[in-house]
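# Coordinate analysis (summary)
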Amino acid sequence: EPEVTQTPSHQVTQMGQEVILRCVPISNHLYFYWYRQILGQKVEFLVSFYNNEISEKSEIFDDQFSVERPDGSNFTLKIRSTKLEDSAMYFCASTLWGSQPTNEKLFFGSGTQLSVL
Amino acid sequence: GESVGLHLPTLSVQEGDNSIINCAYSNSASDYFIWYKQESGKGPQFIIDIRSNMDKRQGQRVTVLLNKTVKHLSLQIAATQPGDSAVYFCAEPLGRAGNNRKLIWGLGTSLAVNP
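About the cut-offs
- Residues numbered from 1 in each chain as written.
- Chains lettered and ligands numbered in written order.
- Predicted model: local features only at pLDDT ≥ 70, side-chain atom pairs only at ≥ 80, totals over all residues.
- Heavy atoms only, no water.
- Contact = heavy atoms within 4.5 Å.
- Buried area = accessible area lost by both parts, 1.4 Å probe.
- Salt bridge = Lys/Arg side-chain N within 4 Å of Asp/Glu carboxyl O.
- Pairing = 2+ DSSP bridges.
- Helix = DSSP H or I, 4+ residues; strand = E, 2+ residues; numbered from the N terminus.
- Axes fitted to C-alpha atoms, helices over the stretch in contact; angles between N-to-C directions.
- Core = buried A, V, L, I, M, F, W, Y, C linked by side-chain atoms within 4.5 Å.
- Buried < 20%, exposed > 50% of the residue type's maximum accessible area, 1.4 Å probe, protein only.
- Disulfide = S-S within 2.5 Å.
- Phe/Tyr/Trp six-rings, centres within 6.5 Å; stacked < 30°, edge-to-face > 60°.
- Lys NZ or Arg CZ within 6 Å of the ring centre and 35° of its normal.

Between chain B and chain A, the contact holds 25 residues from the first and 24 residues from the second. Both sides together, the interface formed by chain B and chain A hides about 2,000 Å², and carbon and sulfur atoms give 55% of it. Applying the counting rule to chain B against chain A returns one salt bridge. Note that B:Lys102 is salt-bridged to A:Glu56, the shortest N-O span being 3.5 Å.

Let us look at the sheet that holds strand E3 (residues 19–24) of chain A. All names here are of chain A. Taking strand neighbours across the sheet as the criterion, the four strands line up as E1-E3-E8-E7 in an open arrangement whose pairing is antiparallel. Each having just a single partner strand, strand E1 (5–7) and strand E7 (65–68) make up the two edges of the open sheet. Put simply, the sheet's adjacent strands are angled 20° from each other on average, direction ignored. Judged from the four bridges that link them, E7 and strand E8 (residues 75–79) form a sheet pairing that is antiparallel. Looking at the pairing, Glu68 lines up with Thr76 of E8.

Here we take up the pattern of salt bridges. Residues and elements named next belong to chain B. Counted by the stated rule, this structure contains seven salt bridges over all chains. Note that Lys42 is salt-bridged to Glu39, the shortest N-O span being 3.9 Å. Between Arg57 and Asp49 there is a salt bridge, with its nearest N and O atoms 2.2 Å apart.

Glancing now at the nonpolar core. Counting residues in each nonpolar core, the largest one holds 21 residues, and the members touching the most others are A:Trp34, A:Leu46, A:Phe61, A:Val67, A:Phe75, A:Leu77 and A:Tyr90. Those elements that place two or more of their residues in this core are E3, strand E4 (31–37), strand E5 (43–50), E7, E8, strand E9 (88–95) and strand E11 (112–116) of chain A. The contact partners of A:Leu46, leaving out residues within four places of it in the chain, are A:Trp34, A:Tyr35, A:Arg36, A:Glu56, A:Lys57, A:Ser58, A:Ile60, A:Phe61, A:Leu77 and A:Tyr90. In this structure, B:Ile50, B:Leu66, B:Ile77 and B:Val113 belong to the second largest nonpolar core, which totals 20 residues.

Turning next to the state of the cysteines. This model, assessed by the stated rule, comprises two disulfides over all chains. Between the sulfur of A:Cys23 and that of A:Cys92 lies a disulfide, 1.9 Å long from S to S. Its S-S torsion of about -65° marks the bond between A:Cys23 and A:Cys92 as left-handed, since a negative value means left-handed. Taken together, the residues A:Cys23 in strand E3 and A:Cys92 in strand E9 connect sequence positions 69 residues apart. Of the two residues, A:Cys23 and A:Cys92, neither departs from the other in class, the shared state being buried. The disulfide partner of B:Cys23 is B:Cys90, and the S-S distance across this bridge is 1.8 Å.

What follows is about the packing of aromatic side chains. Under the criterion given, the structure shown has 16 aromatic pairs over all chains. Taking 5.0 Å as the distance between ring centres and 35° as the angle between the ring planes, the aromatic pair formed by B:Tyr36 and B:Trp105 counts as tilted. Of this pair, B:Tyr36 sits in strand E4 (residues 32–38) while B:Trp105 is found in strand E10 (residues 102–105), placing the two residues 69 residues apart along the sequence. Of the two residues, B:Tyr36 and B:Trp105, neither departs from the other in class, the shared state being buried. Linked through ring pairs, A:Tyr33, A:Tyr35, A:Phe45, A:Phe91, A:Phe108, B:Tyr36, B:Phe46, B:Phe89 and B:Trp105 together constitute an aromatic cluster. The aromatic ring of B:Phe46 is capped on one face by A:Lys105, whose charged end is 4.9 Å from the ring centroid.

For the rest of this paragraph, the subject is the side chain of A:Ser58. Residue and element names in this part refer to chain A. Structurally, Ser58 can be placed in the loop between strand E6 (53–57) and E7. Since its relative accessible area comes to 14%, Ser58 is described here as buried. Excluding residues that lie within four positions of it along the chain, Ser58 makes contacts with Phe45 and Leu46.

Take unusual backbone geometry next. Cis geometry marks the peptide bond from A:Thr7 to A:Pro8; its omega dihedral reads -10°. For B:Arg61, which is not glycine, the phi dihedral falls at a positive 65°. Turning to its location among the elements, B:Arg61 is positioned in the loop between strand E6 (56–58) and strand E7 (62–67). Owing to a relative accessible area of 31%, B:Arg61 belongs among the partly exposed residues under this scheme.

So, in structure tokens, the structure goes:
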């Protein structure tokens, strides 16, 4: 069964450093997302991406965050200067039918656990 | 504002029993709901979804019930197995249908299945 893959599974970084989280969405999917989950809290939406541009972003997704689809398979999330509060599990997700209300189920990767020290 | 929340944070059941996980939502205009299962160390996995024009939908060993009058959603798992142990989330898309909507998530219910 096709799946969303994320690398690395764990990332430890120093505060102020740049990190890039990588995702390979399911190959024929068109809509891509990043969510994050701080330990013990709800899953939070960060950004959605379609047709090589951001569709929507949350308040969390400030100027320190950026996303990119550098080729036909990868979808990355970059945090330019990490803060302690960026420590969380980051999930990439994709779906084929983002514009179809009956087919909005997202397929998630296993996540990258980011720890900022 | 819109929100999706869980009644119970933890649920412990005996193997073979049925499990019921509850979820409340506040937006009466919500048109679609999804249940996800998250096992330890993994990403959320789709279980079942339901549109607001339905009251019930069944899958393999799972049933979702939607009560729009009281804005309540439940996930029923029949003959619960140890492999069902996970955190279960209800989620709903926010915004107008057809616009690549983001998901709003509940806090999650941790289901523990005792052998």
